Amino acid sequence: MVRLTREPIDYHALTESVRDPHCGAVALFLGTVRDLTGEQVTVFLDYDAYGPMAEKKLAEIEADVRRRWPVGNVALIHRLGRLAVGEVSVAVAVSTPHRAEAFNALRHAVDTLKELVPIWKKENAPDGSGEWVHQSVGAGCRGASLGPGPKDGQS
Amino acid sequence: MNVNVLLFAAARDLAGSDVVTVRLTPGSTVGELRARLARDCPPLAELLAKSAVAVNHDFADDSRSLSPNDEIAIIPPVSGG
């Protein structure tokens, strides 16, 4: 299941939706709005997307994860519009028979989402100024230990 | 032929519009579209050089030929998540 939404993400329901009797592991990733990027204070983010292409790329990630791991279920949902600090912008959940597969599949899904899906965030500062984030690698994770490859990213 | 090019995020802000129409000779490629767009809309040039181009919801390289009915979009470096 993949979805773009302008409503708050119900990540409890999302997690329940991937549970499967054949799967002993469920892994969930939440991306949340952070208040500081380096020295820059953020009061809210605006998320914009190229909707049809974003949904297509999310579906491709789901298919890729299903091809590469013995996934019971996988769900990716990204929120759009204005989000305050602390709100959930993205949620990815996956179930697999064993935990190692769940961690690996989840990480791959999140890293690929951040690399390929046409969604953009604008950081809005307390003084009313705002700036689109357009770094080519690790755009959402400045200050985190993003490496050169998708497998090294983290949020 | 005229093609409409969809713009998002900073590209939209720089151009002041969410779509621009670009006049191309028939059979033009994505690379030729990039050059034409940079000439027609100079504020976009710098970001355009860092951006991908999507044709019909897939990333397209510069050698891809364009048709009038293609859905074309400029994809600045993404920052979802």
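Quick note: structure is the one above.
These numbers come from a predicted model, not from an experiment.

Visitor: I'd like a description of the overall build of chain B, backed by residues and values.
Guide: Helices and strands together make up the secondary structure of chain B, namely three helices and five strands. Counting from the amino terminus, chain B carries its helices and strands in the arrangement β-α-β-α-α-β-β-β. Compactness check: chain B gives a C-alpha radius of gyration of 12 Å against a globular reference of 12 Å for 81 residues, within 12% of the reference. The buried share of chain B, reckoned over its 81 residues, is 48%. Sequence separation of 24 or more characterises 48% of the internal contacts of chain B that already satisfy a separation of 6 or more. Accessible surface, chain B as shown: approximately 3,700 Å² in total, 49% of it carbon and sulfur. Separation of charge centres in chain B, based on 7 positive and 10 negative side chains, amounts to 5 Å.

Visitor: A description of the environment of B:N56 should follow, citing residues and the corresponding values.
Guide: Relative to the elements of secondary structure, B:N56 occurs in the loop between β3 (52-55) and β4 (58-60). Along the primary structure B:N56 and B:V22 are separated by 34 residues, whereas in three dimensions their C-alpha atoms are 17 Å apart. Ignoring anything within four residues of it in the chain, the contact list for B:N56 reads A:K56, B:R64, B:D70 and B:E71. At 3.1 Å, the side chain of B:N56 forms a polar contact with the side chain of B:D70.

Visitor: Would you mind going over the pairing of strand β9 (residues 119-124) of chain A in detail, with residue names and values included?
Guide: Residues and elements named next belong to chain A. Of all six residues in β9, five are buried; the element is thus mostly enclosed. Pairing geometry for strand β5 (residues 44-49) and β9, over six bridges, is antiparallel. Looking at β9, one finds that D48 is bridged to W120. Note: β9 against strand β10 (residues 130-132), three bridges, orientation antiparallel.

Visitor: Account for the sheet that holds strand β1 (residues 2-6) of chain B, with residues named and values stated.
Guide: Spatially, five strands are ordered β2-β1-β5-β3-β4 (chain B) in an open sheet, and the strand pairing comes out mixed. Each end of this open sheet is capped by a strand with a single partner; those strands are β2 (19-23) and β4 of chain B. Geometrically, the sheet is characterised by an average inter-axis angle of 40 degrees between neighbouring strands, direction not taken into account. Bridging between β3(B) and strand β5 (residues 72-75) of chain B involves four bridges; their strand directions are antiparallel. Bridge pairing in β5(B) places B:V53 opposite B:I74. Each of β3, β4 and β5 of chain B is contacted by helix α2 (residues 51-68) of chain A, which is oriented at about 100 degrees to β4(B), the strand it contacts most.

Visitor: If you had to explain helix α2 (residues 30-40) of chain B to someone new, which residues and values would you point to?
Guide: Residue and element names in this part refer to chain B. Along α2, the residues that are buried comprise V30, L33, R34 and L37. Buried residues of α2, viewed axially, fall in a sector of 100 degrees; they line one side. Taken together, the buried residues of α2 touch β1, β2, α3 (45-50), β3, β4 and β5.

Visitor: Lay out unusual backbone geometry in plain terms, naming residues and giving numbers.
Guide: All names here are of chain B. Of note, the phi angle at N56 is positive, near 50 degrees, even though the residue is not glycine. The exposure class assigned to N56 is partly exposed, which follows from its relative accessible area of 31%. The residue H57 is not glycine, and still its phi comes out positive at about 75 degrees. With respect to the element layout, H57 can be found in the loop between β3 and β4.

Visitor: Describe in detail the pairing of β2(B), supporting the description with residues and values.
Guide: Residues and elements named next belong to chain B. Side chains of β2 alternate between two faces, with V20 and V22 buried and V19, T21 and R23 left unburied. Taken together, the five bridges between β1 and β2 define a ladder with antiparallel strand orientation. Pairing of L6 across the sheet is with V19, part of β2.

About the cut-offs
Residues numbered from 1 in each chain as written. Chains lettered and ligands numbered in written order. Predicted model: local features only at pLDDT ≥ 70, side-chain atom pairs only at ≥ 80, totals over all residues. Heavy atoms only, no water. Helix = DSSP H or I, 4+ residues; strand = E, 2+ residues; numbered from the N terminus. Rg over C-alpha atoms; globule rule 2.2 N^0.38 Å. Buried < 20%, exposed > 50% of the residue type's maximum accessible area, 1.4 Å probe, protein only. Contact = heavy atoms within 4.5 Å. Areas by Shrake-Rupley, 256 points an atom, 1.4 Å probe, with all protein chains shown as cover. Lys, Arg positive; Asp, Glu negative; His and termini not counted. Charge placed at Lys NZ, Arg CZ, Asp CG, Glu CD. Polar contact = N/O pair within 3.5 Å; in protein donor to acceptor, adjacent residues only side chain to side chain. Pairing = 2+ DSSP bridges. Axes fitted to C-alpha atoms, helices over the stretch in contact; angles between N-to-C directions. Arc of directions from axis to C-beta.

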